Amino acid sequence: MSHIRKIGVLTSGGDAPGMNAAIRAVVRTAMSEKLSVVGIGHGYQGLINKEFIPLYGHSVANIIQRGGTFLKTSRCPEFQTKEGLAQAYQNLQDEGVDALVVIGGDGTFRGALSLGSTYHYPIVGLPGTIDNDLFGTDYTIGYDTAINTVVEAVDKLRDTAGSHDNLFFVEVMGRDAGFIALNSGIGVGAEDILIPETVSDLDKLVAKLEYDQRKHKTSGIIIVAEGDELGGAKEVAEMVKERLPNYHMRVTILGHIQRGGSPTCADRVLASRLGYAGVKALLEGRSGVMIGQINNKIKETPFSKATKQHPQIQPEWLEVARVLAL
Ligand code: ADP
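Residues numbered from 1 in each chain as written. Predicted model: local features only at pLDDT ≥ 70, side-chain atom pairs only at ≥ 80, totals over all residues. Heavy atoms only, no water.

Draft legend 1. Broad picture of the overall build of the protein. Helix and strand counts for the protein stand at 11 helices and 11 strands. Taken against the 2.2 N^0.38 rule, which gives 20 Å for 326 residues, the C-alpha radius of gyration of the protein at 22 Å falls within 12% of a compact globule. Looking at the protein as a whole, 52% of its 326 residues are labelled buried. Summarising the internal contacts of the protein: among those between residues at least 6 apart in sequence, 75% fall at separations of at least 24. By element, 51% of the accessible surface of the protein is carried by carbon and sulfur atoms, the whole surface being about 14,800 Å². A gap of 6 Å separates the mean positions of the 33 positive and 37 negative side-chain charges of the protein. (Helix = DSSP H or I, 4+ residues; strand = E, 2+ residues; numbered from the N terminus. Rg over C-alpha atoms; globule rule 2.2 N^0.38 Å. Buried < 20%, exposed > 50% of the residue type's maximum accessible area, 1.4 Å probe, protein only. Contact = heavy atoms within 4.5 Å. Areas by Shrake-Rupley, 256 points an atom, 1.4 Å probe, with all protein chains shown as cover. Lys, Arg positive; Asp, Glu negative; His and termini not counted. Charge placed at Lys NZ, Arg CZ, Asp CG, Glu CD.)

Draft legend 2. Up close: the sheet that holds strand S11 (residues 297-302). Across the sheet, which stays open at both edges, the 7 strands sit in the order S3-S2-S1-S4-S5-S10-S11 with mixed pairing between neighbours. Two strands in the sheet have a free side with no partner beyond their single neighbour: strand S3 (52-55) and S11. Strand-to-strand twist across the sheet, computed as the mean angle between neighbouring axes with direction ignored, equals 30°. In this structure, strand S5 (residues 123-127) lies alongside strand S10 (residues 289-294), joined through 2 bridges in parallel fashion. When the bridges of S10 are listed, Val124 appears paired with Val289. The sheet strands contacting helix H4 (residues 106-119) are strand S4 (99-104), S5 and S10, and the helix crosses S4 at an angle near 160°. (Pairing = 2+ DSSP bridges. Axes fitted to C-alpha atoms, helices over the stretch in contact; angles between N-to-C directions.)

Draft legend 3. Representation of the nonpolar core in the model. Ranked by internal contacts, the top residues of the largest apolar core, which has 61 residues, are Ile7, Val9, Leu126, Val170, Ile180 and Ile223. If you tally residues by element for this core, the top one is helix H5 (residues 143-164), at 9 residues. Two domains each put at least three residues into this core: domain 1 (6-142 + 263-306) and domain 2 (144-259). Once residues within four sequence positions are removed from consideration, Val170 is found in contact with Val154, Leu157, Ile221, Ile222, Ile223, Val224, Ala233, Thr252 and Leu254. Of all hydrophobic cores here, the second largest spans 25 residues; its members include Ile48, Phe79, Phe109 and Ile123. (Core = buried A, V, L, I, M, F, W, Y, C linked by side-chain atoms within 4.5 Å. Domains from an automatic or database assignment.)

Draft legend 4. Highlighting the packing of aromatic side chains. Scanning the model with the defined rule gives 5 aromatic pairs in all. Relative to Phe79, the ring of Tyr44 has its centre 3.9 Å away and its plane inclined at 5°; by these criteria the two rings are stacked. Placement of the pair is Tyr44 in helix H2 (residues 43-48) and Phe79 in the loop between S3 and helix H3 (82-95), with a sequence separation of 35 residues. Note on accessibility: Tyr44 and Phe79 belong to one class, buried. For the pair Tyr89 and Tyr119, a centre-to-centre distance of 4.1 Å together with 10° between the ring planes defines the contact as stacked. Of this pair, Tyr89 sits in helix H3 while Tyr119 sits in helix H4, and the two are 30 residues apart along the sequence. (Phe/Tyr/Trp six-rings, centres within 6.5 Å; stacked < 30°, edge-to-face > 60°.)

Draft legend 5. Seen up close, the site of the ligand. By nearness alone, 14 residues border the ligand, and Arg75, Cys76, Gly105, Gly107 and Thr108 come closest of all. The contact in question runs from an oxygen atom of the ligand to an N or O atom on the backbone of Gly14, over 3.2 Å. A distance of 3.0 Å is found between an oxygen atom of the ligand and a backbone nitrogen or oxygen belonging to Gly107. Protein chains shield 80% of the accessible area of the ligand, which is 560 Å² for the free molecule. A molecule is said to occupy a pocket when more than half its atoms come within 2 Å of that pocket's grid points, and by this definition the ligand occupies the largest pocket. (Near = heavy atom within 4 Å. Polar contact = N/O pair within 3.5 Å; in protein donor to acceptor, adjacent residues only side chain to side chain. 1 Å grid on protein atoms, 1.4 Å probe; cavity = no way out; pocket = protein on both sides within 12 Å on 5 of 7 lines; lining within 4 Å. Sits in = over half its atoms within 2 Å of the grid points.)

Draft legend 6. Focus on the environment of Gly41. One can find Gly41 in the loop between strand S2 (36-40) and H2. Excluding anything up to four places from it in sequence, Gly41 contacts Gly46, Glu51, Ile53 and Leu71.

Draft legend 7. Focus on the layout of surface pockets. Considered as a void within the structure, the largest pocket measures approximately 860 Å³ in volume. In terms of residue count, H4 provides more of the lining of the largest pocket than any other element does, 6 residues in total. The two domains that each donate at least three residues to the lining of the largest pocket are domain 1 (6-142 + 263-306) and domain 2 (144-259). Approximately 530 Å³ is the volume found for the second largest pocket. Taken together, 19 residues make up the lining of the second largest pocket; nearest its centre are Asp192, Ile193, Lys204, Leu318 and Arg322. Broken down by secondary-structure element, the contributors of at least two residues to the lining of the second largest pocket are strand S7 (192-194), helix H7 (202-214) and helix H11 (315-324). (Points joined across faces, edges and corners; volume = space filled by probe spheres on them.)

Draft legend 8. Main features of the pattern of salt bridges. By the definition in use, this model includes 13 salt bridges. With a shortest N-O distance of 3.8 Å, Arg110 and Asp106 are connected by a salt bridge. Taken together, the positions of Arg110 and Asp106, both in helix H4 and 4 residues apart, correspond to about one turn of that helix. Since its relative accessible area comes to 45%, Arg110 is described here as partly exposed. Asp212 serves as the salt-bridge partner of Lys208, at 3.0 Å between the closest nitrogen and oxygen. With Lys208 and Asp212 both in helix H7 and 4 residues apart, this pair spans about one turn of that helix. The exposure class of Asp212 is buried, given its relative accessible area of 2%. Members of the salt-bridge network, linked through shared partners, are Arg158, Glu191 and Lys217. (Salt bridge = Lys/Arg side-chain N within 4 Å of Asp/Glu carboxyl O.)

Right, dumping it as structure tokens:
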């Protein structure tokens, strides 16, 4: 028999489409287990500021389709101090919250690890980030929506690229991880994809574009992850322009549109399943873990591992992208 009677749920760090669907799943699963639920506004900042919002089944009606997070989110440096952590714990005790579900990225899980291990407090995490950069899950909540947003935007750019014989350098999100760039790049049939995990070779890119020019292919799409070591799309375009002045080049930085929008069905289903599994895990006495999905099965990974290890880009995908761009 679990001692947990009341659970808290919060979203933290960068928002991601599907976070609302995850909150809904947590609340409704908790209701079915006769638990009380309290939402915490603005992530860890709300724990410190006592932003506790009682939630019921109907509180999460009509949010499964909405992007962002209705609980709001924040970055909270105070939570990284001993005093901030102590205040957060004290507030949870005062409010009678027995366990937490946190939804966010690796920073959020570092915070959860800190709170959970310092005070032996039960916490599970759900991977909510568009970057897909967490170890312990095939996909993070929000990633599928983000790559579909990129594909939709780049398809439109391709129309203009073709009509005007333009070469578009499109910058997508991914400071440390190239998953968005690689997968959306394959999805739009990009001429080249530059990601932080591999050494980007300007000479090779120029040689490929010269080859395309000889074949009278004068338009194209180059996807650049913002964290590529050559720079962002603007820097890469400038370097290429110096070498190939005849190309008509354009730069588009997709920016925050990649974080918003109605979640895809895949993200809603993933969020629903992980939210359900998170509450079950807490009630079965497990904590300090991120709930992920690997090969379609629920998998729990300790926070320490989910935040330290990085999922790898599969080299075969890079090869697929290269071969198909010929
Ligand atoms: P994400 O969860 O999307 O990676 P952040 O890296 O901004 O986003 O992390 C979200 C929040 O988690 C931070 O604002 C901070 O409050 C908390 N956090 C991050 N790292 C730590 C840490 N090492 N110790 C305690 N809290 C942390």
